[in-house]
Amino acid sequence: MKRALLLALAILSLVLLGCPPKEGGTSSAGNEILVGEYASMSGPQATFGQTTHEGITLAVEEINAAGGINGRKIKILLEDDQSKQIEAANVVTKLISQSNVVAVLGEVASSCSIAAGPICQNYKVPMITPSSTNPEVTRKGDYVFRMCFVDSYQGENQANFAANYLHAKKAAVLVDVKSDYSTGLSEFFQGRFKELGGTIVANVSYANGDSDFKAQLTRVKAANPDILYVPGYYTDIGQIAIQARDLGMTQPLVGGDGWESPKLIEIGGKALEGCYYSNHYFADDPAPAVRDFVTKYTVRFKQKPGALAALGYDATKVLANALKRCAKIDGPTLRDEIAKTKDYAGVTGTITLGPDRNPIGKKLVVVEIKNGQLALAATIDPNAPATGATATTGSGK
């Protein structure tokens, strides 16, 4: 609680000591429209920021090549928050008060978005997080938007998957207590799993950056769960899987989109075989929008894009469409135009923003780590006919 209080006071001081909110103005440099981006370009979750930035970069290159925003090019000003909440608050304050950006893109980690959201709200500068899933993010104010599903939806559907696809009756949970993302997602998973008749047989915790999980995993092993639910980040998941296997545990690990990184399998290797996590899209989806994006991204960056790149790309395109509709480019006008986003055909699905500034009815996929690769295990589409059918592939349990 002391740590949280200090962080809150630090953010409040940044807001109160900063310049007053701007009224009007284009915040442009010459003929360019300046857009801020804050991301974890270094630190524990560096691949989150790097991958997202590549998606944003590809989108901006396409937008500018097609004539920009009514003849004006977008310029991205990138700041590294080092995967730290206080740095997220610092760099967003800098982007707005010193660089005069008209909008802000970021972050991936929900804790960083929660730290920066109130600053954007105070300055009346719209912020779009591509991939922060904690529900609290957009509750920070009506200038804060997101492009991804929220953790209530993700956690509950993970519980549905565990119970109905993996036929799990008993689950153990290992939570990162320093992460708003991990603690929130865990609560939603546990609530739904219990509703389905499941039992949580062990509930243990760790802190991001820990390297020894054997004490927690020993308790989990003694409880003999059917699955181990770990809603953490890829930086920890691989080591948790390795240590679980070293203890003789054979249960599948199940997690959320925080696992998404090209480093995940590199770290965890064979220990992650038969494990599952939910995600925002599947790179081998045959849908034309996905195929086109994957092809362009692979040519540009020489690797296949993950979900965070796709969400960064979608967030930038949605922002650009809103900018094109603005009669004048200022905070309130741009906010209103972003809020009007409806039926935008994105790489990660159709995007329509609801009154809470969250997308309505985003698709969710579950991927399995199989033979060292990602394989599609299930697709949950709330817009599907009848009951929102879950299409499954793979081996099942």
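On a predicted model such as this, the values are computed, not experimentally measured, just so you know. (Residues numbered from 1 in each chain as written. Predicted model: local features only at pLDDT ≥ 70, side-chain atom pairs only at ≥ 80, totals over all residues. Heavy atoms only, no water.)

S.K.: Outline the pairing of strand E8 (residues 199-206), supporting the account with residue identities and numerical values.
M.R.: Two strands pair when backbone bridges link them, and strand E7 (residues 170-176) and E8 are joined in this way by seven bridges, in the parallel orientation. Looking across to E8, one finds that Asp 176 is bridged to Tyr 206. Running through helix H6 (residues 180-195), the crossover from E7 to the neighbouring parallel element E8 is right-handed. (Pairing = 2+ DSSP bridges. Helix = DSSP H or I, 4+ residues; strand = E, 2+ residues; numbered from the N terminus. Right-handed = clockwise from strand over helix to strand, strands pointing away.)

S.K.: How would you sum up helix H10 (residues 288-301)? Please name residues and give values.
M.R.: For H10, spanning 14 residues, the distance from its first C-alpha to its last is 20 Å, which sits close to the expected 20 Å at 1.5 Å a residue. All buried positions along H10 are accounted for by Val 290, Phe 293, Val 294, Tyr 297 and Phe 301. Projected down its long axis, H10 shows its buried positions confined to an angular sector of 100°, all on one face. Across H10 from its buried face, at more than 90 degrees, point the exposed residues Pro 288 and Val 299. Those residues of H10 that are buried are in contact with helix H2 (46-65) and helix H11 (307-325). At the C-terminal side of H10, Lys 302 shows a positive phi close to 60°. (Expected span 1.5 Å × (residues − 1). Buried < 20%, exposed > 50% of the residue type's maximum accessible area, 1.4 Å probe, protein only. Arc of directions from axis to C-beta. Contact = heavy atoms within 4.5 Å.)

S.K.: A description of helix H4 (residues 110-123) should follow, citing residues and the corresponding values.
M.R.: Spanning 14 residues, H4 covers 20 Å between terminal C-alpha atoms, matching the ideal 20 Å at 1.5 Å per step. Along H4, the helix axis deviates most sharply at Ala 116, where the bend reaches about 30°; the proline Pro 118 sits within four residues downstream. Burial within H4 is extensive, with eleven of its 14 residues counted as buried. All of the buried residues along H4 are Ser 110, Ser 111, Cys 112, Ser 113, Ile 114, Ala 115, Ala 116, Gly 117, Ile 119, Cys 120 and Tyr 123. Among the residues trailing H4, Lys 124 stands out with phi positive, at a value near 60°. (Bend = angle between axes of the 7 residues up to and from the residue.)

S.K.: Summarise the pattern of salt bridges; cite the residues concerned and give the values.
M.R.: Under the counting rule described, the total for this entry stands at 15 salt bridges. Salt-bridge contacts for Glu 61 lead to Arg 300; the nearest nitrogen and oxygen are separated by 2.8 Å. On the criterion of sequence distance, the pair formed by Glu 61 in helix H2 and Arg 300 in helix H10 is long-range, its members being 239 residues apart. You can call Glu 61 partly exposed: its relative accessible area is 34%. (Salt bridge = Lys/Arg side-chain N within 4 Å of Asp/Glu carboxyl O.)

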